[in-house]
2 protein chains.
Amino acid sequence: MSPDTDLLPAEELHTRLQSIGDQFYHHRHPFHLLMHEGKLTRGQLQAWALNRFYYQSRIPIKDSIILSRSCDPEFRRAWRKRLVDHDGNHPGDGGIERWLRLAEATGLSRYRVVHNREILPGVRYAVDAYLDLVSHGTLLEAVSSSLTELFSARLIALRMDRLRKHYPWLESGLAYFQARLTQAPEDVSFTLDWVTQHATTRAEQELVMDALRRKCDILWAQLDAIYYAYVEPGWPPPGAYLVEEAGAA
Amino acid sequence: MSPDTDLLPAEELHTRLQSIGDQFYHHRHPFHLLMHEGKLTRGQLQAWALNRFYYQSRIPIKDSIILSRSCDPEFRRAWRKRLVDHDGNHPGDGGIERWLRLAEATGLSRYRVVHNREILPGVRYAVDAYLDLVSHGTLLEAVSSSLTELFSARLIALRMDRLRKHYPWLESGLAYFQARLTQAPEDVSFTLDWVTQHATTRAEQELVMDALRRKCDILWAQLDAIYYAYVEPGWPPPGAYLVEEAGAA
């Protein structure tokens, strides 16, 4: 094995990134496991959709920050696709709008979701930590934090299958996931090439891996906050969204 | 006249913005007057194109910062057009590339321009003050700073006419200005509507006017630095671009 100062071959870097995902990505989170087993109530899915909207609403802000940190028109041309994916090309289009339709399919009003007033502080802090990472880390770290897209398509494919099976009344809200099935692999292919090329020392490769790990933590921490508030022990803090129905499914 | 605390009617706000442009926009700067009279040397035009490239190269960064400060997908959809205008849709496209072609038409090598190594400190500080304004002012001020586009189409039309007349060898570099003739009026129409709608108190209207004034200062200060270094007294600081030919045209 090479000492910790040697540049890793690209394949080894990619293997290690994959291994970070295997260990730290939120596909293993107990909240997702309950979701995929059909064990969440409609109210718990509402709490998830409402809280996760804060993350969704910050994605184009995160991507604009990354755009603002690059001096390379070619990088910006590629990265700007993400703004189109999330904000769409006209009213009613784009990932943010599609997530709102998912929230509506759970039975929430769009108004209640869009203002981010009832989200959990723990979700807010995690998402804000993401904006902080892309604002104050190096551009290499900012870009690397999007590498979780390496793992998202598989999770989303599984999730769509299980949501359809266990919560068929959500069907009208699944367009968000359908779009991400093709968007995320396109994006991550660019990102993986870019970070592989721009991490030219072992120290930089370590920054890439650490940024991916930190992003996994950010996703995980959101589900922790949701699990604690709405599953077990089930104590949403004052001001947070209150589920109107009782008990588990 | 209404006291300084009353909300101005939209027409009066627009009249005052126009008046700020009449007084403070850089169409009156001595360097532009010399340019339009055909009194600049090729070397002075090179110094202008090289220095002004720093401004051009920061425009998509400025616009990405503004994008990152808005939580409104509709605003971001409209503003994002500016990234497309400046970065283009493929290599060789976009405003930054067109400015490089203008610099090449003056006889500079693209390599020399693109690295921003020989620009004047005064130009750098002015442009960086623009990034500071859009980063740290309110979103209303950040957006308002683009209102100089109210005045740019007229200046550009005049400039194209005079460049063709006095410096016909620049013809192959004029595509940048040709594109801005249609882009700027489209952009400023959105911006003017947006600031008119979002400045809902007189204090906010004053912020709008002040931001436009500050942006005019930023443009003016760049030409001051260029004039002092390359026209009169003509002392470029150490490290700055040195004109290779002598004297005036």
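Look a little higher up for the structure.
Below or above, wherever it landed, is the structure these notes cover.

Quick notes on the rules
- Residues numbered from 1 in each chain as written.
- Chains lettered and ligands numbered in written order.
- Predicted model: local features only at pLDDT ≥ 70, side-chain atom pairs only at ≥ 80, totals over all residues.
- Helix = DSSP H or I, 4+ residues; strand = E, 2+ residues; numbered from the N terminus.
- Rg over C-alpha atoms; globule rule 2.2 N^0.38 Å.
- Buried ≥ 20, exposed ≤ 12 C-beta atoms within 10 Å, placed from the backbone.
- Contact = placed C-beta atoms within 7 Å.
- Nonpolar A, V, L, I, M, F, W, Y, C, P; charged D, E, K, R; others polar.

A word on the overall build of chain A
Then step 1. Along its length, chain A carries twelve helices and zero strands.
Then step 2. Element order for chain A, N to C, with α for helix and β for strand: α-α-α-α-α-α-α-α-α-α-α-α.
Then step 3. Its C-alpha atoms give chain A a radius of gyration of 18 Å, near enough to 18 Å, the size a compact globule of 249 residues would have.
Then step 4. Among the 249 residues that make up chain A, the fraction classed as buried is 41%.
Then step 5. When contacts within chain A are restricted to residue pairs at least 6 apart in sequence, long-range pairs at least 24 apart make up 81% of them.

With respect to unusual backbone geometry
Residue and element names in this part refer to chain A.
Then step 1. With an omega of 5°, the peptide bond running from Glu232 to Pro233 counts as cis.
Then step 2. The residue Pro233 is located in the segment after α12 (202-230) in this model.
Then step 3. Not every positive phi belongs to a glycine, and Asn116 is a case in point at roughly 55°.
Then step 4. Tracing the backbone through its elements, the reader meets Asn116 in the loop between α7 (110-114) and α8 (121-136).

Thoughts on the environment of Leu131 of chain A
All names here are of chain A.
Then step 1. As for its position among the elements, Leu131 is in helix α8.
Then step 2. Separated by 58 residues in sequence, Leu131 and Pro73 have C-alpha atoms that sit 22 Å apart.
Then step 3. Ignoring sequence-local partners within four residues, the contact set of Leu131 consists of Arg58, Ile61, Lys62 and Ile65.

Considering the interface of chain A and chain B
Then step 1. Facing the 19 residues of chain A at the interface are 19 residues of chain B.
Then step 2. Those elements that place two or more of their residues in the side of chain A that touches chain B are α3 (42-68), α4 (73-79) and α5 (81-87) of chain A.
Then step 3. Of the residues in the side of chain A that touches chain B, the class split is nine nonpolar, five polar and five charged.

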